[in-house]
Amino acid sequence: MGSADYGIDPLVIKRVAAEITKVHDLGVQIGLVIGGGNIFRGVGLSQSGIDRVTGDQMGMLATVMNALAMQDALERNGTVSRVMSALQINDVCEDYIRRRAVRHLEKNRVVILASGTGNPFFTTDTAASLRAIEIGADVLIKATKVDGVYSADPVRDSNAIRFSELSFDQVLDQKLNVMDATAIVMCRDNDLPLVVFGMNNEGDLLNLISGGQVGTSVKNRKPSSGADND
């Protein structure tokens, strides 16, 4: 949503799509799980009095809107993509079927995965972990507002420490704000590496894929170094 209060900023989605295209042009197979918080947040809606299940369903539909916008931006760059939804919305996108998603990837198409898991009470983080495991991804990359995982909120605490590497158990034990616990446990139990980086830093995604030291790496091992002060 860029600097706006809600909605889709055309300049932001154009930039993000351009970065994804650059990575795709390297021959990398890409699956995107997109949230809908810029339009609706199910948890926030339920707190205002709307039934939680209904709120989550509205949030899932918001992810479809974002996915279609991303598809349009990618294909304007000449990058063929497919939107697959966990909810059946056949007039605007395909149903999510794991084998079909893998086939799209094999055909060098970017697969955009919408509607989360298709179930209420599950976050987009959990959906991303689930889909990454299902399609056999090599790594799960979470794009967020900050440039990695910190010991505290860096906006509120100037003494917050940015970690370069962490183990999944450290994330859980220290209750670090990376992804929800269900998503972290799924990554840990399926030995799926995770990288958290800042999506607002132009060029970082390509640098990360090219082997650069970007963001925070989370793996099933004790990290070689503790933390980096930034």
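Scroll up a little and you will see the structure.
J.: How do you make sense of helix H3 (residues 52–76) when you look at a structure like this?
T.: Given 3.6 residues to a turn, an α-helix orients residues that are three or four positions apart in the same direction. The terminal C-alpha atoms of H3 lie 37 Å apart, and with 25 residues this matches the ideal 36 Å at 1.5 Å per residue to within 8%. Sitting at the head of H3, Asp51 places a side-chain oxygen 3.2 Å from the backbone nitrogen of Val53. At the C-terminal side of H3, Gly78 shows a positive phi close to 85 degrees.

J.: Even after reading the chapter, I still don't get the packing of helix H5 (residues 124–134) against helix H7 (residues 181–189), so can you show me in this structure?
T.: At a closest axis distance of 7 Å, the pairing of H5 and H7 adopts a crossing angle of 20 degrees. With respect to each other, H5 and H7 are oriented roughly parallel. Crossing of H5 over H7 shows left-handed handedness. Mapping the contact onto sequence places Asp125, Thr126, Ser129, Leu130 and Ile133 in H5 and Thr182, Ala183, Met186 and Cys187 in H7. Tallied by class, residues from the contact of H5 with H7 come to five nonpolar, three polar and one charged.

J.: What is the right way to look at the sheet that holds strand E3 (residues 94–95) in this model?
T.: The strand order E1-E4-E2-E3 describes an open sheet built from four strands, whose pairing is parallel. The outermost strands of the open sheet, each flanked by one partner alone, are strand E1 (31–33) and E3. Where strand E2 (residues 81–85) meets E3, two bridges bridge the pair, whose relative direction is parallel. Across the sheet, Ser85 pairs through a bridge with Asp95, a residue of E3. Of the strands in this sheet, E1, E2, E3 and strand E4 (110–114) are in contact with helix H4 (residues 98–106), which crosses E2 at around 170 degrees.

J.: Just to check I follow, could you spell out the packing of helix H1 (residues 10–24) against H3 for this structure?
T.: Two packed helices can be described by the angle between their axes and the distance between those axes. Contact geometry of H1 with H3 gives a least axis separation of 9 Å together with a crossing angle of 60 degrees. Comparing the axis directions of H1 and H3 gives the class oblique. The way H1 lies across H3 gives a crossing that is right-handed. Contacts between H1 and H3 involve Ile13, Val16, Ala17, Ile20 and Thr21 from the first element and Ala69, Met70, Ala73 and Leu74 from the second. Per-class residue counts for the contact of H1 with H3 are eight nonpolar, one polar and no charged.

Parameters at a glance
Residues numbered from 1 in each chain as written. Predicted model: local features only at pLDDT ≥ 70, side-chain atom pairs only at ≥ 80, totals over all residues. Heavy atoms only, no water. Helix = DSSP H or I, 4+ residues; strand = E, 2+ residues; numbered from the N terminus. Expected span 1.5 Å × (residues − 1). Polar contact = N/O pair within 3.5 Å; in protein donor to acceptor, adjacent residues only side chain to side chain. Axes fitted to C-alpha atoms, helices over the stretch in contact; angles between N-to-C directions. Parallel < 35°, antiparallel > 145°, perpendicular 65-115°, else oblique. Left-handed = near helix turned anticlockwise from the far one by under 90°. Contact = heavy atoms within 4.5 Å. Nonpolar A, V, L, I, M, F, W, Y, C, P; charged D, E, K, R; others polar. Pairing = 2+ DSSP bridges.

So far we have only geometry, and geometry alone does not tell us how the molecule works.
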